[in-house]
Amino acid sequence: MKIAVIGQSLFGQEVYSQLRKEGHEVVGVFTIPDKDGKADPLGLQAEKDGVPVYKFPRWRARGQALPDVLATYQALQAELNVLPFCSQFIPMEVISAPRHGSIIYHPSLLPRHRGASAINWTLIHGDKKGGFTIFWADDGLDTGDILLQRECQVQPDDTVSTLYNRFLFPEGVKGMVQAVRLIAEGKAPRRPQPEEGASYEGIQKKETARINWDQPAEAIHNWIRGNDKVPGAWAEAGGQKLTFFNSTLSTAGLVPEGEVLPIPGAHRPGLVTKAGLLLFGNDDKMLLVKNVQLEDGKMIPASHFFRGAASSALELTEAELAMAEAVRSSWQRILPNVPEVEDATDFFKSGAASVDVVRLVEEVKEICGGLELENEDVYMATAFGDFVQLLVRKLRGEEEEECAIDYVEKAVNKLTVRMPHQLFIGGAFVDAEGAQTFDTINPTDGSVICQVSLAGAEDVDKAVAAAKDAFENGRWGKISARDRGRLLYRLADLMEQHQEELATIEALDAGAVYTLALKTHVGMSIQTFRYFAGWCDKIQGATIPINQARPNRNLTLTRKEPLGVCGIIIPWNYPLMMLSWKTAACLAAGNTVVIKPAQVTPLTALKFAELTVKAGFPKGVVNILQGTGPLVGQRLLDHPDVRKIGFTGSTDVGKHIMKSCALSNVKKVSLELGGKSPLIIFADCDLSKAVQMGMSAVFFNKGENCIAAGRLFLEDSVHDQFVQKVVEEVGKMKIGDPLARGTEHGPQNHEAHLHKLLEYCRRGREEGATLLCGGNQVPRPGFFFEPTVFTDVEDHMFIAREESFGPIMIISRFADGDVDAVLARANATEFGLASGVFTRDINKALYVSERLEAGTVFVNTYNKTDVAAPFGGFKQSGFGKDLGEAALNEYLRVKTVTFEY
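Treat the numbers as computed from the prediction; the structure is a model and nothing was measured.

A. The arrangement of the packing of helix 1 (residues 9-21) against helix 6 (residues 160-184) in detail. The geometry of helix 1 relative to helix 6 is characterised by a closest axis approach of 10 Å and an angle of 35° between their N-to-C directions. The hand of the helix 1/helix 6 crossing is right-handed. Across from Leu10, Phe11, Glu14, Val15, Gln18 and Leu19 in helix 1, the residues of helix 6 making contact are Tyr164, Leu168, Phe169, Gly172, Val173, Met176, Val177 and Val180. Of the residues that constitute the contact of helix 1 with helix 6, the class distribution is 11 nonpolar, two polar and one charged.

B. Fine view of a nonpolar patch on the surface. Together, Phe89, Leu141 and Tyr200 give the surface a local cluster of nonpolar side chains, amounting to about 360 Å² of exposed area. Taking the relative accessible area as the measure of exposure, Phe89 reaches 59% and is therefore exposed.

C. Fine view of the sheet that holds strand 33 (residues 788-791). With respect to topology, seven strands assemble into an open sheet ordered 32-33-34-31-30-36-37, the strand pairing being mixed. Edge strands, defined here as strands with exactly one partner in the open sheet, are strand 32 (770-773) and strand 37 (856-859). Taking each pair of neighbouring strands and ignoring which way they run, the sheet shows an average axis angle of 20°. In the sheet, strand 32 pairs with strand 33 via three bridges, with the strands oriented antiparallel. Bridge pairing in strand 33 links Thr770 to Thr791.

D. The arrangement of unusual backbone geometry in detail. Geometrically, the link from Leu110 to Pro111 is a cis peptide bond, its omega value of 15° lying close to zero. If you trace the backbone, Pro111 turns up in the loop between strand 7 (102-106) and helix 5 (118-124). Here the amide bond leading from Arg550 into Pro551 is cis, since omega sits at 5°, within 30 degrees of zero. Examined against the element boundaries, Pro551 turns out to sit in the loop between strand 23 (543-544) and strand 24 (554-562).

E. Broad picture of the sheet that holds strand 9 (residues 146-153). Read across the open sheet, the seven strands follow the order 3-2-1-6-7-8-9; overall the sheet is mixed. Two strands lie at the open edges of the sheet, namely strand 3 (53-54) and strand 9, each paired on one side alone. In terms of strand pairing, strand 2 (residues 25-30) meets strand 3 through two bridges, oriented parallel. Across the sheet, Phe30 pairs through a bridge with Tyr54, a residue of strand 3. Against the sheet, helix 1 makes contact with strand 1 (2-6), strand 2, strand 6 (80-83) and strand 7, and its axis sits at roughly 165° relative to strand 2, the strand it touches most. Here helix 6 sits on the sheet in contact with strand 1, strand 6, strand 7, strand 8 (129-136) and strand 9, set at roughly 155° to strand 9.

F. Main features of the pattern of salt bridges. Counted under the stated rule, the structure contains 44 salt bridges. For Glu363, the salt bridge goes to Arg359, with nearest N and O atoms at 3.0 Å. In this pair, Glu363 and Arg359 both sit in helix 9 (residues 354-367), four residues apart, roughly one turn of the helix. Judged by its relative accessible area of 15%, Glu363 falls in the buried class. You can call Arg359 partly exposed: its relative accessible area is 34%.

Rules used in this analysis
- Residues numbered from 1 in each chain as written.
- Predicted model: local features only at pLDDT ≥ 70, side-chain atom pairs only at ≥ 80, totals over all residues.
- Heavy atoms only, no water.
- Axes fitted to C-alpha atoms, helices over the stretch in contact; angles between N-to-C directions.
- Helix = DSSP H or I, 4+ residues; strand = E, 2+ residues; numbered from the N terminus.
- Left-handed = near helix turned anticlockwise from the far one by under 90°.
- Contact = heavy atoms within 4.5 Å.
- Nonpolar A, V, L, I, M, F, W, Y, C, P; charged D, E, K, R; others polar.
- Patch = residues over 30% accessible without salt bridge, like charges linked within 9 Å, V, L, I, M, F, W, Y side chains within 5 Å.
- Areas by Shrake-Rupley, 256 points an atom, 1.4 Å probe, with all protein chains shown as cover.
- Salt bridge = Lys/Arg side-chain N within 4 Å of Asp/Glu carboxyl O.
- Buried < 20%, exposed > 50% of the residue type's maximum accessible area, 1.4 Å probe, protein only.
- Pairing = 2+ DSSP bridges.

What follows is the structure in structure tokens.
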């Protein structure tokens with residue numbers, strides 16, 4: 001069709017470009033006159049394409065169409081007028097001229113919110129649904145017949161910008177193109193607008209945007225967000241006229257304490273807090289405003305309102321001065337009417353518009369090596385000198401956003417340990433819905449460490465929504481892979497700086513021996529993030545030769561893409577390390593994550609969340625929800641927006657996870673499940689090393705180790721000597737406070753697990769196994785269990801088949817030289833996580849390692865895991881890998897793209 005496009009802005013430009021791609025002939029573009037010497041994007045693009053462009057300041061005078069304008073338009077002989085966001089009044093002589101008439105885009109669900117400020121009023125009224133309408137133009141004000149409508153959910157903290165950028169712009173462009181397609185096919189409907197539900201509200205202007213304080217907090221929030229950016233909701237406060245931006249009702253966990261800001265007419269004075277400015281409705285409920293604009297036009301974080309003069313300007317290096325001059329040139333190009341850009345030059349007062357903000361952000365990205373700015377940053381530093389200072393601070397890593405944290409502090413281990421205890425959702429620590437909590441217990445003495453927020457299903461929904469928004473709309477999905485790796489490296493550095501504090505929390509909350517926690521629980525976690533940080537910019541696809549489509553040719557390539565929102569459910573034995581094994585690979589692949597730590601060991605996960613904030617991770621990328629498996633875990637499994645579950649835990653729970661993920665949305669799943677790892681010790685081994693490693697294989701981390709040797713098979717001729725040495729060494733083990741430097745064996749993780757171990761030993765004795773030592777609770781406060789050794793264990797016994805997950809050594813004999821028989825016994829289990837063999841015979845070692853049915857085989861060593869080596873089980877020990885390059889594939893999808901040329 002021959003189409004005339006009448007409108008302006010990036011939206012108009014995109015609609016115009018897509019219509020041309022569809023094969024339509026755009027015979028003319030009518031846009032607004034240049035402003036401050038700058039052409040509108042629609043006109044600029046059309047001029048580049050050689051399409052006639054007309055910039056009439058007006059189309060009619062005194063209600064009549066201007067003859068010369070009308071003649072110019074009629075000469076084009078358009079068959080359809082397309083009006084994307086047209087701000088001018090177009091006479092009916094033009095509207096009705098084409099044989100197909102005219103269609104207009106309107107950003108509301110007509111007949112609701114007719115008029116020019118429809119997006120504003122959608123938010124001001126607190127509508128739960130928004131959307132757009134494409135309608136047939138008539139001589140009314142947005143009253144024509146409806147051709148097409150699309151709707152979306154309005155999020156509680158949506159602003160005009162977020163609603164427009166997330167839905168109204170991208171889906172609106174598609175809608176306009178689809179509407180034209182329907183017209184071309186003769187299938188376009190004309191549905192009269194009903195009068196029921198019709199509304200019209202006037203244009204929002206600065207003088208009408210004053211806040212009425214005599215209403216509930218939600219209504220005030222809606223008024224502020226509905227006027228966000230333009231024209232800006234304002235009020236008299238603190239002796240001056242303040243304009244409020246970036247409002248939210250998400251105030252859970254915020255304590256109403258801070259410096260008082262007098263607000264005439266308000267139900268209560270405002271409070272300036274670290275999180276921002278708390279305001280109150282007449283219902284005594286709170287809302288939080290993050291940014292305020294002062295009377296002189298300067299935008300500042302609301303939390304900085306009472307700070308004195310800004311800190312002294314940074315002294316720039318030579319490289320930074322060169323960067324500043326490059327940015328100055330960018331400003332000069334965007335502001336051609338400004339003779340010279342000086343430090344005091346104001347971006348917006350010099351004629352810049354919202355479209356110029358986007359351009360500036362993109363140019364800065366090129367100048368500053370990929371530095372990601374938000375549009376908000378430009379509004380916060382509108383003078384050139386302030387803008388350069390902002391860039392330099394960001395480039396130096398000095399722009400950490402404050403995060404309000406309510407710590408629990410404990411003086412322990414010669415440290416003051418500061419532990420967050422709330423949920424972590426969308427970059428903020430918040431109370432659970434309903435403010436529910438639970439006690440987390442110190443296993444060393446059974447005392448309560450602190451009360452921790454207990455998440456529910458509504459909290460899961462909030463966290464998943466935050467993770468989804470961060471993945472689809474946030475900075476995380478826009479930064480380069482190399483910048484993503486830089487964030488992971490920075491996080492690893494922060495974990496290292498806080499390693500003593502993290503290890504102390506592991507000792508308090510999980511009973512981990514402090515020295516082991518430093519080396520393994522925390523040390524390996526740091527190594528894991530550093531390892532996967534290096535992978536971020538090395539995730540690559542491939543080109544694949546396929547049969548050619550003669551006489552044309554083909555190019556087929558693959559892309560490795562992140563999955564989206566991933567749910568990670570971690571166990572209690574290595575709270576931080578298990579989190580790191582999965583989360584590092586997940587984030588390196590570009591996903592966002594909702595983590596459910598074990599309910600009995602939540603505290604290092606929450607400290608980890610704090611460090612992600614310090615590292616500069618965008619909001620919503622990492623979320624932490626401590627709660628029960630049946631409620632929080634199950635909601636993650638069922639949630640339609642979660643695309644992957646990574647789980648470490650029991651086989652029974654793993655089976656349930658597979659079922660739930662299949663029924664919900666066929667989520668990708670990786671499972672590291674139970675084990676009964678065999679350790680075969682041949683008589684030709686280095687016996688001293690076998691004893692040392694055999695004990696480590698069982699008693700490492702109090703036996704709370706997924707790859708612990710669940711059963712030792714000893715060749716007859718070495719059996720008695722091995723057992724004697726083990727019992728001697730067990731007697732020397734120092735049991736005690738995990739924070740004491742000489743302690744080798746700390747408390748079991750929690751009381752229920754202690755009771756499970758006592759029952760396990762009772763069954764072993766009843767079935768006839770010989771208890772050589774241990775088997776009892778240590779007579780002292782806390783959940784201490786004696787290191788235990790059973791011999792004469794036969795294959796049919798419960799303790800020969802089932803995992804104890806505790807410090808219990810299970811020993812069985814096998815006949816000298818009978819390699820195949822012991823292999824059959826070792827493999828006679830549905831578990832296949834790990835295994836081990838001790839022998840000096842290389843042929844025997846290779847033969848046994850080849851035939852052992854386990855994901856990991858240790859030869860003349862044990863527990864030798866490394867961040868570069870894949871880790872995962874066979875059979876009912878699960879599938880999928882943690883660690884190594886293989887782990888990345890658990891959090892990626894492969895897309896095949898084929899070109900013909």
